[in-house]
4 protein chains.
Amino acid sequence: MSSDTLANLLIRCPDRPGIVAAISSFLFRRGANITDLDQHSTDDEPGTYFMRLELQTARLDVPLPELRSAFAAEVAAPFAMTWRLEAAQARKRVAVLVSRHDHALMELLWAWRRGDLAADVAAVVSNHPDLRGAVEGFGIPFHHVPNDRDRRAEAEREMLALLEGKVDLVVLARYMQIVSGEFVARFPDRIINIHHSFLPAFAGADPYRQAWQRGVKIVGATAHYVTADLDAGPIIEQDVARVSHRHAVEDLKRMGRELERRVLARAVKWHCEDRVIVHGNKTVVFS
Amino acid sequence: MSSDTLANLLIRCPDRPGIVAAISSFLFRRGANITDLDQHSTDDEPGTYFMRLELQTARLDVPLPELRSAFAAEVAAPFAMTWRLEAAQARKRVAVLVSRHDHALMELLWAWRRGDLAADVAAVVSNHPDLRGAVEGFGIPFHHVPNDRDRRAEAEREMLALLEGKVDLVVLARYMQIVSGEFVARFPDRIINIHHSFLPAFAGADPYRQAWQRGVKIVGATAHYVTADLDAGPIIEQDVARVSHRHAVEDLKRMGRELERRVLARAVKWHCEDRVIVHGNKTVVFS
Amino acid sequence: MSSDTLANLLIRCPDRPGIVAAISSFLFRRGANITDLDQHSTDDEPGTYFMRLELQTARLDVPLPELRSAFAAEVAAPFAMTWRLEAAQARKRVAVLVSRHDHALMELLWAWRRGDLAADVAAVVSNHPDLRGAVEGFGIPFHHVPNDRDRRAEAEREMLALLEGKVDLVVLARYMQIVSGEFVARFPDRIINIHHSFLPAFAGADPYRQAWQRGVKIVGATAHYVTADLDAGPIIEQDVARVSHRHAVEDLKRMGRELERRVLARAVKWHCEDRVIVHGNKTVVFS
Amino acid sequence: MSSDTLANLLIRCPDRPGIVAAISSFLFRRGANITDLDQHSTDDEPGTYFMRLELQTARLDVPLPELRSAFAAEVAAPFAMTWRLEAAQARKRVAVLVSRHDHALMELLWAWRRGDLAADVAAVVSNHPDLRGAVEGFGIPFHHVPNDRDRRAEAEREMLALLEGKVDLVVLARYMQIVSGEFVARFPDRIINIHHSFLPAFAGADPYRQAWQRGVKIVGATAHYVTADLDAGPIIEQDVARVSHRHAVEDLKRMGRELERRVLARAVKWHCEDRVIVHGNKTVVFS
């Protein structure tokens, strides 16, 4: 095996015997080798089956479209699968929406520049002009689209014109603006937000102040897919840090920035590596 | 300094200059040495000052009552302090209320037997007879007091007869019964409960199922003082563990038992070592 | 699928295409359903492939011996597999060797009593009589086998007479005695030790003192398989806790006891659930 | 109290009664208010006492030099103290030495730009020219000083000319070059290095490969003061991350970069806030 990963296969279907045999036999006959495999079945009745496969092939001449249509007919149809077969070299195009806070954005841009993020950052959009210089320094287009309660619809139209069909993922890196249900519907399971608390605790505004007032001993951050229901979308990743009575609200915000950077970077990385499957309001993360 | 710790001093008062000088000069004149000192001031205006001191003395003849009355007159009164001076060897008497789950109880009893808990477990009370053998094996009195919705008042009367004036701390180690506001009022800031979630997320019943349904990636447990307002009392300690889509509700419960044991044991230990000061609905923990 | 897990299949073989297809097709033809599957391939050339499968079957009449011989001929031989097919209900028999410290032993016994450890504790052996009462209170046989430098060989002969052929796993729960290479050779990859440091730091005696002297800010514990080379066997699990300048050696020991309990319990649990494959001086843990 | 913190006082002296009383009475008489106080006494005999105080004053006319000379005479001399009284607004001047890896450097520069690092980054020195653009983009002078085994002495002379007397702290942010004992002697307890392992495990070269070969389940990073004895200086901070058999050496390096950034940033921040006291080969960190 000297070639690199060819493709990632993601599958969801009703659980029943024979799924692994059908998939692996199909791939073996086509000369594709399984280099990574992870699966999960839910416990409910009837269960749902999830799988993620990484494929390699020694024969460089296997055309992916042909593999797709054969898989559709021979395997996916009989098992009623929802599935995707993504070429590994097809890097996802990512847009980052940001307000004035730069920490989460910069974490992503630096990970991208270091080669730790297998994606292309196609654009940064902000409702403030402040970060133009920092973003353009990375050679990334920066778009200033003013946005507030009064011009929400207009701002979203402008953003859709910039992004729709041109990006595969929208990241809200502390965007601080409400995103409408209409906008969300254009990118189903393809908008990731970082919420600055351990959801579902402290949903809504100013969560670090809420946490301080409640006197919790641990604070957190949550990356989730955005749905029409604010702060209630499927959670991709969370992380936490210990705090004590010594930490004022400002300290929680500072510590929270560390958490937000880390949690959002992981969630975006996993999404871009096709490691996340959404199922209802939950996620299966094959990390 | 060859003697052991004599006493712990806990103080809360309005913040103003001169507090440390007044306390430390008083103790120095009385021949008491400060072996540990921790303090905290809140940022609000006017601030509140908190302090915890451990004292030693080379002269074994300093009577604590005399030290108390001198401190009251010379230091506490001028600074309007709320304070306690507790002899270190006066071990707190602890009662544990438990239902059928034994894990949190056993953690406390084993910590106590190993000498890791500076307290005396005076009694275990349960609404089920199941754990009598295990408890009496430790040489600790076990009381079976049936309790449910229909005989709440009667059960609490029986428990008060057993405990009031005889214990300094009541620990609800997964007691699974509502405790009335009247009962709580008899032990202000002296009832510790372990809640099996990361509060304030998932208050109420069956929190592990709630957590599973929300699809969180981290679960937690919370030890807090019990107030009339269920699951809303001052938090003493919390801890968390990572979970994934692979964990069913039963797995969360099993992992939660580990968290509950650890978090409750720490909270009880800190309370018994006079390390916790309640301030509104929050705690200052000098751990 | 209404039956429970029938068996766990563990495999190690040279990596090459077709392994998953061969195994899953074999099982599908025999009516066995895969309920859990985890795999790993090493990156070296040629790579090594590892797999763990959990099987169920709706037909209760599939005799495991017949399945084993068919698998050996049809799958294992062609792929040169090292493998085991273990009936899930065949609980491993565990012996615990212990000295005077009871914390790691008690953690295992309580996990076992609560049903959290899928194994049978067949015997506890100690070189001190102190823990007889506590152990027998669990209904578990206790054997006092004095052991020190002068009667090592004799003690090990006595222990072999008690254990060989009667237990599947030997756990050193702070046994504090050297175990000879001859003894180890009788239980290859079947002796688990808990070392009270973050190996490979602080191998040898009194690791908490070593850690304190070095001034580390984190201490740990390590569960590993015992090999002839002291403290150098394959690591199964590790965990850590934060410490500071405030912690004296005694504090590190106390905190270490918590770590040792947790780390050893996890390692023993995973071993008993057939989740660990040893590969050279490392482990693959399908947890 | 409307003024900000005036100064930080750090003290080390032989432990004996009356230290707190002497210091706090002195400050009270001078009109300085204690806004933060932390202390520590070692357990050995005779013990060593450490203290860190933050001071405020309502009278803006207290000259720090006068306070210093009064403190020296009235308090420090009688108690044989080693001490420093540092004006809080006197930000430390920091030089960062770096090779080609930019992650630890960028973490510091971004923390500095966001105002999370109470210091001035005075210069970046590298033995490679690669990072000039990135550094100068922050408005910070970049110096390329080639360095390898053959021109070590010359390189260090050049660096001393650039740094000595001009910076208060030298940070080795993955500098990858040996620093001579002579160079170290010019900055006693004022050079911080980030070592990419959990010291004392895996000292020396290529620690992530060492960790992978040993099969540890946790990897770490260590920030420490540099002494003449390589990788053996006083540890300031450590942190760890879980790994498994799935992680190749490259994965450990990637995860390690996260750890290195975080651990080094914390250590530098604490040093710059006068929170670290070196004592032998250990540190007291009042964080």
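Cut-off values and rules
- Residues numbered from 1 in each chain as written.
- Chains lettered and ligands numbered in written order.
- Predicted model: local features only at pLDDT ≥ 70, side-chain atom pairs only at ≥ 80, totals over all residues.
- Heavy atoms only, no water.
- Helix = DSSP H or I, 4+ residues; strand = E, 2+ residues; numbered from the N terminus.
- Rg over C-alpha atoms; globule rule 2.2 N^0.38 Å.
- Buried < 20%, exposed > 50% of the residue type's maximum accessible area, 1.4 Å probe, protein only.
- Contact = heavy atoms within 4.5 Å.
- UniProt positions renumbered as here; feature names shortened; annotations may be inferred.
- Polar contact = N/O pair within 3.5 Å; in protein donor to acceptor, adjacent residues only side chain to side chain.
- Salt bridge = Lys/Arg side-chain N within 4 Å of Asp/Glu carboxyl O.
- Least-squares fit on C-alpha atoms with pLDDT ≥ 70 in both.
- Pairing = 2+ DSSP bridges.
- Axes fitted to C-alpha atoms, helices over the stretch in contact; angles between N-to-C directions.
- Domains from an automatic or database assignment.
- Buried area = accessible area lost by both parts, 1.4 Å probe.
- Nonpolar A, V, L, I, M, F, W, Y, C, P; charged D, E, K, R; others polar.
- Arc of directions from axis to C-beta.
- Expected span 1.5 Å × (residues − 1).
- Phe/Tyr/Trp six-rings, centres within 6.5 Å; stacked < 30°, edge-to-face > 60°.
- Lys NZ or Arg CZ within 6 Å of the ring centre and 35° of its normal.

Looking now at the overall build of chain A. Scanning chain A from N- to C-terminus turns up eight helices and 13 strands. At 21 Å, chain A has a C-alpha radius of gyration in line with the 19 Å of a compact globule built from 287 residues. Once the C-alpha set of chain A is aligned to its principal axes, its extents read approximately 60 × 40 × 35 Å. Every one of the 287 residues in chain A was classed for burial, and the buried ones make up 59%. Nonlocal contacts in chain A, meaning residues at least 24 apart in sequence, comprise 65% of its contacts between residues at least 6 apart.

We now examine the UniProt feature "active site" (unreviewed entry) in chain A. Residues annotated by UniProt as "active site" (unreviewed entry) correspond here to Asp231 of chain A. Within the secondary structure, Asp231 of chain A sits in the loop between strand 10 (218-225) and strand 11 (235-242). If sequence neighbours within four positions are ignored, Asp231 of chain A has contacts with His195, Leu199, Ala203, Gly204 and His224 of chain A together with Arg214 of chain B. Side-chain polar atoms of Asp231 of chain A contact the side chain of His195 of chain A, separated by 3.4 Å.

With that settled, the discussion passes to the interface of chain A and chain B. Opposite the 36 residues of chain A that make contact, chain B presents 36 residues. At the boundary of chain A and chain B, one finds six salt bridges. Measuring nitrogen to oxygen at the nearest pair gives 2.6 Å for the salt bridge that ties Asp38 of chain B to Arg246 of chain A. Connecting chain A to chain B are 24 residue pairs in polar contact (both at pLDDT 80 or more). Ranked by residues supplied to the side of chain A that touches chain B, first place goes to strand 11 of chain A with seven residues.

This part takes up the relation of the copies chain C and chain A. Superposition record for chain C on chain A: RMSD 0.0 Å, screw rotation 180°, translation along axis 0.0 Å. A rotation of that kind, with that shift, is consistent with a two-fold axis. Residue Ala21 of chain C of chain C places its C-alpha closer to the rotation axis than any other residue of that unit, at 2.8 Å. A high fraction, 100%, of the interface residues of chain C reappear at the interface in chain A, so the copies pair face to face through one surface.

What follows is about the pattern of salt bridges. All chains considered together, the criterion is met by 132 salt bridges over all chains. Of the charged contacts in the structure, one is a salt bridge between Asp116 of chain C and Arg257 of chain B, with a shortest N-O distance of 2.8 Å. Here Asp116 of chain C is found in the loop between helix 3 (103-113) and strand 6 (119-126), whereas its partner Arg257 of chain B is found in helix 8 (residues 249-272) on a different chain. Close ionic contact of Asp239 of chain C with Arg262 of chain C constitutes a salt bridge, the shortest N to O distance being 3.4 Å. Highlighted residues: Asp239 of chain C in strand 11 (residues 235-242) and Arg262 of chain C in helix 8 (residues 249-272), separated in sequence by 23 residues. By relative accessible area, Arg262 of chain C is classed as buried at 17%. One connected set of salt bridges, linked through shared partners, spans Glu107, Glu258 and Arg261 of chain A together with Glu107, Glu258 and Arg261 of chain D.

Let's shift gears to the sheet that holds strand 11 of chain A. Residue and element names in this part refer to chain A. Strand order in this open sheet of seven strands is 7-6-5-8-9-10-11, and the pairing throughout is mixed. The strands lining the two open edges of the sheet, one partner per strand, are strand 7 (142-144) and strand 11. Between one strand axis and the next, the sheet turns through 20° on average, direction left out of account. Sheet topology note: the strand 5 (residues 92-98)/strand 8 (residues 169-172) ladder contains four bridges and is parallel. Residue pairing across strands places Val96 opposite Val171, the latter belonging to strand 8. Lying over the sheet, helix 8 (residues 249-272) contacts strand 5, strand 6 (119-126), strand 8, strand 9 (191-195), strand 10 and strand 11, oriented at roughly 150° with respect to strand 11.

With that settled, consider the sheet that holds strand 11 (residues 235-242) of chain B. All names here are of chain B. The seven strands are arranged 7-6-5-8-9-10-11 in an open sheet whose pairing can be described as mixed. Two strands in the sheet have a free side with no partner beyond their single neighbour: strand 7 (142-144) and strand 11. In this sheet, adjacent strand axes meet at a mean angle of 20° when their direction is disregarded. Two strands pair when backbone bridges link them, and strand 6 (residues 119-126) and strand 7 are joined in this way by three bridges, in the parallel orientation. Each residue of the ladder has a partner; that of Val124, found in strand 7, is Phe142.

Before going further, it helps to spend a moment on the domain arrangement of chain A. All names here are of chain A. Each domain of chain A was delimited in the assignment, giving domain 1 (3-87) and domain 2 (92-285). Summarising the inter-unit geometry, the C-alpha centres of domain 1 and domain 2 are found 31 Å apart. Contact between domain 1 and domain 2 buries roughly 840 Å² in total, counting both sides, with carbon and sulfur atoms accounting for 51%. Where domain 1 meets domain 2, there are two salt bridges. Residues Arg84 and Asp274 are paired through a salt bridge, measuring 3.1 Å at the closest nitrogen-oxygen approach. Counting across the domain 1 and domain 2 interface gives four residue pairs in polar contact (both at pLDDT 80 or more). It is strand 3 (residues 48-57) that provides the largest number of residues to the side of domain 1 that touches domain 2, a total of five residues. Classifying every residue of the side of domain 1 that touches domain 2 by side-chain character gives four nonpolar, three polar and five charged.

We now examine the interface of chain C and chain A. The interface is formed by 16 residues belonging to chain C together with 16 residues belonging to chain A. Between chain C and chain A the total buried area reaches about 1,400 Å² when both faces are included, carbon and sulfur atoms providing 56% of it. Contact with chain A buries surface across chain C, with Pro17, Leu37 and Gln39 of chain C losing the most and accounting together for 31% of the total. Remark: the boundary between chain C and chain A carries zero salt bridges. If you look at where chain C meets chain A, you find four residue pairs in polar contact (both at pLDDT 80 or more). Those elements giving two or more residues to the side of chain C that touches chain A turn out to be helix 1 (19-29) and strand 2 (32-41) of chain C. Element by element, the count of residues in the side of chain C that touches chain A is highest for strand 2 of chain C, at seven residues. A breakdown of the residues in the side of chain C that touches chain A according to their chemical character gives seven nonpolar, seven polar and two charged.

Attention now moves to helix 7 (residues 207-214) of chain C. Among all positions of helix 7 of chain C, only Pro207, Tyr208, Ala211 and Arg214 of chain C are buried. With its buried residues spanning 125° around the axis, helix 7 of chain C presents them on a single face. Buried residues along helix 7 of chain C sit against strand 9 (191-195), strand 10 (218-225) and helix 8 of chain C together with strand 11 (235-242) and strand 13 (282-285) of chain D. Downstream of helix 7 of chain C by a residue or two, Gly215 of chain C has a phi angle that is positive, lying close to 75°.

Residues and elements named next belong to chain C. Taking 1.5 Å per residue as the helical rise, helix 5 (residues 152-163) with its 12 residues ought to reach 16 Å, and the 16 Å between its terminal C-alpha atoms agrees with that figure. Residues Arg152, Ala155, Glu156, Met159, Leu160 and Leu163 constitute the buried set of helix 5. Each buried residue of helix 5 sits inside an arc of 135° when the element is viewed along its axis, so together they form one side. The exposed set on the far side of helix 5, more than 90 degrees from its buried face, consists of Arg157 and Ala161. The secondary structure elements touched by the buried residues of helix 5 are strand 5 (92-98), strand 6, strand 8 (169-172) and helix 6 (181-186).

This part covers the packing of aromatic side chains. This model, assessed by the stated rule, comprises 18 aromatic pairs over all chains. Relative to Phe138 of chain B, the ring of Trp110 of chain B has its centre 5.2 Å away and its plane inclined at 80°; by these criteria the two rings are edge-to-face. Taken as a pair, Trp110 of chain B in helix 3 (residues 103-113) and Phe138 of chain B in the loop between helix 4 (132-136) and strand 7 lie far apart in primary sequence, 28 residues in all. For the pair shown, Trp110 of chain B and Phe138 of chain B are each scored as buried. Look at Phe198 of chain C and Phe198 of chain D: their rings are 4.9 Å apart centre to centre, the planes differ by 70°, and that puts the pair in the edge-to-face class. Residue Phe198 of chain C is found in the loop between strand 9 and helix 7, and its partner Phe198 of chain D is found in the loop between strand 9 (191-195) and helix 7 (207-214); the two belong to separate chains. Following the ring pairs from residue to residue traces out a cluster consisting of Phe26, Phe71 and Trp83 of chain A. Its guanidinium or amino end placed over the ring of Phe79 of chain A, Arg16 of chain A lies 4.1 Å from that ring's centre, counting from NZ or CZ.

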